[in-house]
Amino acid sequence: MARQGSGAVLASGGLGFPPQNLARVVVWEWLNEHGRWRPYSAAVCHHIENVLKEDARGSVVLGQVDVQLAPYVIDLQSMHQFRQDTGTMRPVRRNFYDPSSAPGKGIVWEWENDNSSWTPYDMDICITIQNAYEKQHPWLDLSSLGFCYLIYFSSMSQMNRQTQRKRRLRRRMDLAYPLTMGSIPKSQSWPVGASTGTPCSCPQCLLVNSTRAASNAILASQRRKLYPGAVRQSSTFAGAALWPVAGTGTGGTAKGEGLRVPGGAFAPGPSVPGGVPLAGLNNLNRPGTQRGAGLGARATVPPGVPALPVKNLNGTGPVHPALAGMTGILLCAAGLPVCLTRAPKPVLHPPPVSKRDIKPVPGVNGICRKTKKQHLKKSKTPEDVVRRYVQKVKSPPDEDCTICMERLVTSSGYEGVLHRRGVKPELVGKLGRCGHMYHLLCLLAMYNNGNKDGSLQCPTCKAIYGEKTGTQPPGKMEFHLIPHSLPGYADTKTIRIVYDIPTGIQGPEHPNPGKKFTARGFPRHCYLPDNEKGRKVLKLLLVAWDRRLIFTIGTSNTTGESDTVVWNEIHHKTEFGSNLTGHGYPDPNYLDNVLAELLAQGVSEATLKD
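Procedures and definitions
Residues numbered from 1 in each chain as written. Predicted model: local features only at pLDDT ≥ 70, side-chain atom pairs only at ≥ 80, totals over all residues. Heavy atoms only, no water. Helix = DSSP H or I, 4+ residues; strand = E, 2+ residues; numbered from the N terminus. Buried < 20%, exposed > 50% of the residue type's maximum accessible area, 1.4 Å probe, protein only. Contact = heavy atoms within 4.5 Å. Areas by Shrake-Rupley, 256 points an atom, 1.4 Å probe, with all protein chains shown as cover. Pairing = 2+ DSSP bridges. Axes fitted to C-alpha atoms, helices over the stretch in contact; angles between N-to-C directions. Polar contact = N/O pair within 3.5 Å; in protein donor to acceptor, adjacent residues only side chain to side chain. Phe/Tyr/Trp six-rings, centres within 6.5 Å; stacked < 30°, edge-to-face > 60°. Expected span 1.5 Å × (residues − 1). Salt bridge = Lys/Arg side-chain N within 4 Å of Asp/Glu carboxyl O.

K.L.:
Quick one: what's the story with the overall build of the protein, residue by residue and with numbers?
P.N.:
For the protein, the count of helices and strands is 12 helices and 29 strands. Sorting the 610 residues of the protein into buried and exposed places 48% on the buried side. Counting only contacts in the protein whose residues sit at least 6 apart along the sequence, the fraction spanning at least 24 positions is 65%. As displayed, the protein has an accessible area near 29,100 Å², and 53% of this comes from carbon and sulfur atoms.

K.L.:
Hey, could you go over the sheet that holds strand 17 (residues 368–371) for me, with residue numbers and the actual values?
P.N.:
Spatial strand order, 17-23-24-27: 4 strands in an open sheet with antiparallel pairing. The sheet terminates laterally at strand 17 and strand 27 (524–529), the two strands that pair on one side only. Adjacent strand axes in the sheet meet at a mean angle of 20°, parallel and antiparallel pairs treated alike. Pairing analysis gives 7 bridges linking strand 23 (residues 475–482) to strand 24 (residues 494–500), with the strands arranged antiparallel. When the bridges of strand 24 are listed, Met477 appears paired with Tyr499.

K.L.:
Kindly report on the side chain of Glu561, identifying the contributing residues and their values.
P.N.:
Following the sequence through the fold, Glu561 ends up in the loop between strand 28 (551–554) and strand 29 (564–567). Among the polar contacts listed, one links the side chain of Glu561 to the side chain of Arg520, at a separation of 3.0 Å.

K.L.:
Before we move on, can you summarise the packing of aromatic side chains with the specific residues and values?
P.N.:
Scanning the entire structure with this criterion turns up 12 aromatic pairs. Centroid distance Trp109 to Tyr133: 5.3 Å. Interplanar angle 70°. Geometry classified as edge-to-face. Here Tyr133 lies in helix 3 (residues 123–134) and Trp109 lies in strand 7 (residues 107–112), a separation of 24 residues in the sequence. Each ring, one from Trp109 and one from Phe153, has its centre 5.9 Å from the other, and the planes form 75°; the classification is edge-to-face. In this pair, Trp109 is assigned in strand 7 and Phe153 in the loop between strand 10 (149–152) and strand 11 (157–160), connecting sequence segments 44 residues apart. For the pair Trp109 and Phe153, a shared accessibility class is recorded, and that class is buried.

K.L.:
Which residues make up the sheet that holds strand 20 (residues 437–439), and what values do they have?
P.N.:
Strand order across the open sheet formed by 3 strands is 18-19-20, with antiparallel pairing between neighbours. Only two strands of the sheet have a single partner each, and these edge strands are strand 18 (390–393) and strand 20. When the angles between neighbouring strand axes are averaged without regard to direction, this sheet yields 40°. Here strand 19 (residues 428–431) pairs with strand 20 via 3 bridges, running antiparallel. Residue pairing across strands places Gly429 opposite Tyr438, the latter belonging to strand 20. Packing of helix 8 (residues 382–389) onto the sheet brings it into contact with strand 18 and strand 19, and relative to strand 18 it is tilted by some 80°. The strands that helix 9 (residues 440–448) touches are strand 18, strand 19 and strand 20; relative to strand 20, the one it contacts most, it runs at about 85°.

K.L.:
So what about unusual backbone geometry? Which residues, and what values?
P.N.:
The amide bond that connects Phe522 to the next residue, Pro523, takes the cis arrangement and shows omega of 0°. Residue position: Pro523 is located in the loop between strand 26 (516–517) and strand 27. At the junction of Tyr585 and Pro586, the peptide bond is cis and its omega measures out at 5° in the coordinates. Even without glycine at this site, Gln136 takes up a positive phi of about 65°.

K.L.:
Describe helix 1 (residues 42–54), with residues and values.
P.N.:
Compared with the 18 Å implied by 1.5 Å per residue over 13 residues, the 19 Å span of helix 1 between its first and last C-alpha is a close match. Within helix 1, burial applies to Ala42, Val44, Cys45, His47, Ile48, Glu49, Val51 and Leu52. Elements in contact with the buried residues of helix 1: strand 1 (24–31), strand 3 (59–61), strand 4 (72–75) and strand 6 (89–97).

K.L.:
Can you tell me about the pairing of strand 7, naming the residues and giving the values?
P.N.:
Counting buried residues along strand 7, 6 of its 6 residues qualify, which places the element largely inside the surrounding structure. Alternating residues of strand 7 divide into Ile107, Trp109 and Trp111 and Val108, Glu110 and Glu112, and every residue in both groups is buried. When strand 7 meets strand 12 (residues 166–173), the two strands line up antiparallel, connected through 5 bridges. Within strand 12, the position partnered with Ile107 by the bridge is Met173. Summarising the sheet, strand 7 and strand 8 (residues 118–120) pair through 3 bridges and their orientation is antiparallel. When the sheet's bridge partners are listed, Glu110 is paired in strand 8 with Pro120.

K.L.:
Quick one: what's the story with the pattern of salt bridges, residue by residue and with numbers?
P.N.:
Side chains that carry opposite charge are capable of pairing whenever their charged atoms lie near each other. Enumeration over the complete set of coordinates arrives at 26 salt bridges. Salt-bridge contacts for Glu569 lead to Arg90; the nearest nitrogen and oxygen are separated by 2.8 Å. Remark: Arg90 occurs in strand 6 and Glu569 occurs in the loop between strand 29 and helix 11 (590–600); sequence separation between them is 479 residues. Judged by relative accessible area, which is 13%, Arg90 ranks as buried. Each member of the salt-bridge network shares a partner with another, and the members are Asp114, Arg165, Arg167, Arg520 and Glu561.

K.L.:
Run through the environment of Lys355, naming residues and quoting values.
P.N.:
Turning to its location among the elements, Lys355 is positioned in the loop between strand 16 (339–342) and strand 17. For Lys355 and Ile482, which are 127 residues apart along the polypeptide, the C-alpha to C-alpha distance reads 9.6 Å.

As structure tokens, this is what we get:
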């Protein structure tokens with residue numbers, strides 16, 4: 001707690017490192033495709049910590065503690081989560097929070113989604129909400145954290161500031177997250193030299209990583225200059241502004257007033273220690289309309305002044321508002337000028353095209369492909385599939401089965417859980433091409449947790465045996481040429497792909513059979529250059545579409561909505577004339593990247609020759 005009338009350096013969302021002799025709360029988190037770290041539940045984190053104590057280089061089977069996570073395995077050596085039925089890999093990390101924060105008390109804040117189920121907030125947002133709740137603030141503004149929501153504690157509701165839509169929220173008591181003592185390691189994520197996978201290289205992910213690195217360097221430099229001896233901060237970027245907001249009042253926010261969060265930190269004073277004023281604070285914290293008017297009147301940025309393009313009031317931009325505002329404040333504090341400029345709006349669609357100008361793609365048959373539900377032949381039982389790709393091993397080595405984490409010379413960990421006639425729990429098999437060995441009962445359990453499509457994927461090297469198919473719902477895929485060029489591909493026409501999937505009822509291969517699923521944002525328009533490699537990608541996308549691999553039914557990482565149609569790890573370019581969102585052009589590496597993603601799904605050039 002800071003002294004009355006002084007500023008304070010606070011760790012956003014409890015991410016700061018406490019002194020060496022204090023305990024920390026451990027929260028395991030996974031990285032979604034939007035660069036946000038999502039926490040596992042407290043029960044799952046306890047399970048991971050228990051496995052970590054026994055073998056720091058082993059694997060964690062999440063289905064042993066949460067049946068909804070049955071397909072997932074965490075490889076502690078590479079710090080990645082692997083989904084056995086789809087082959088999807090995501091980075092994970094082991095993060096640390098203060099024991100007095102929400103995870104240390106077992107407090108979870110959740111919002112109600114469209115299906116009347118509850119979705120937990122990100123951990124830093126959860127901690128921010130709990131801090132405001134404990135300080136008896138009647139409301140909380142999350143816009144500085146990148147979310148246009150207001151939290152009202154009196155009605156326990158969340159309101160969208162743009163649409164005025166309200167949702168219920170709740171505060172739930174759960175199991176407290178595990179505590180750890182001893183020396184303080186850095187947050188473990190993507191360890192150099194240990195990971196077998198590589199982070200996504202699309203411009204959007206590269207932007208997130210670069211802004212994190214830049215902000216960490218700026219924050220560390222300013223802390224050393226202005227706050228010698230202050231509590232050490234986490235190296236993980238959390239979008240935090242370390243400086244107080246003008247007008248909050250000396251010594252904290254008065255009781256009964258709402259709280260505006262500057263990037264997630266609660267800063268009680270209007271100036272830094274020592275009485276150094278922060279130039280430009282009043283301008284940066286004016287209402288958006290006033291600030292926009294001032295920016296609109298600025299015709300050009302003075303030479304030598306860094307320009308930070310932030311999000312438009314109704315659009316998007318390449319730099320997050322919290323990061324841009326934080327950087328502007330830091331530059332102003334150092335006596336340097338800065339201008340906040342409006343970013344251009346993304347060009348999502350090409351100019352209008354008449355029907356007579358739309359042509360078939362050369363070398364590709366047809367202009368439309370429809371899919372229907374495909375069911376596995378009854379003759380292919382799980383035992384038949386496993387025996388087809390596996391050879392029995394009479395004398396297995398004394399190694400771990402990476403599915404159940406038991407030794408191969410002992411019985412499978414699924415003994416007593418899964419019963420199959422003719423498959424003894426001690427039997428071990430070796431996959432034909434890669435040679436990796438597992439209990440036969442474990443391979444059967446892994447197959448039963450997947451799509452049951454007659455294919456197997458090795459959990460260790462991700463080699464695919466058979467023809468992998470997905471759970472994409474029925475829909476239509478159209479493709480044709482339009483007479484416009486993509487940025488970076490001048491004098492080249494464009495292949496436009498239009499996906500259209502209607503709402504429907506989930507089948508037996510989906511998360512909730514018999515329940516309705518939604519299909520938001522359809523039809524979805526995607527773009528490829530009309531060159532040799534672009535046409536090759538189109539042909540492979542047609543194979544992936546026929547195999548139901550492009551979409552699946554799950555939870556949207558953008559909206560949090562469950563039981564909805566989402567992308568299935570094959571990146572598409574949905575921005576036609578710009579690349580402000582990271583899903584457009586120019587992107588010279590995109591075609592090579594998407595070919596690699598298709599190969600990971602078992603769709604290669606060899607399939608075009610069959």
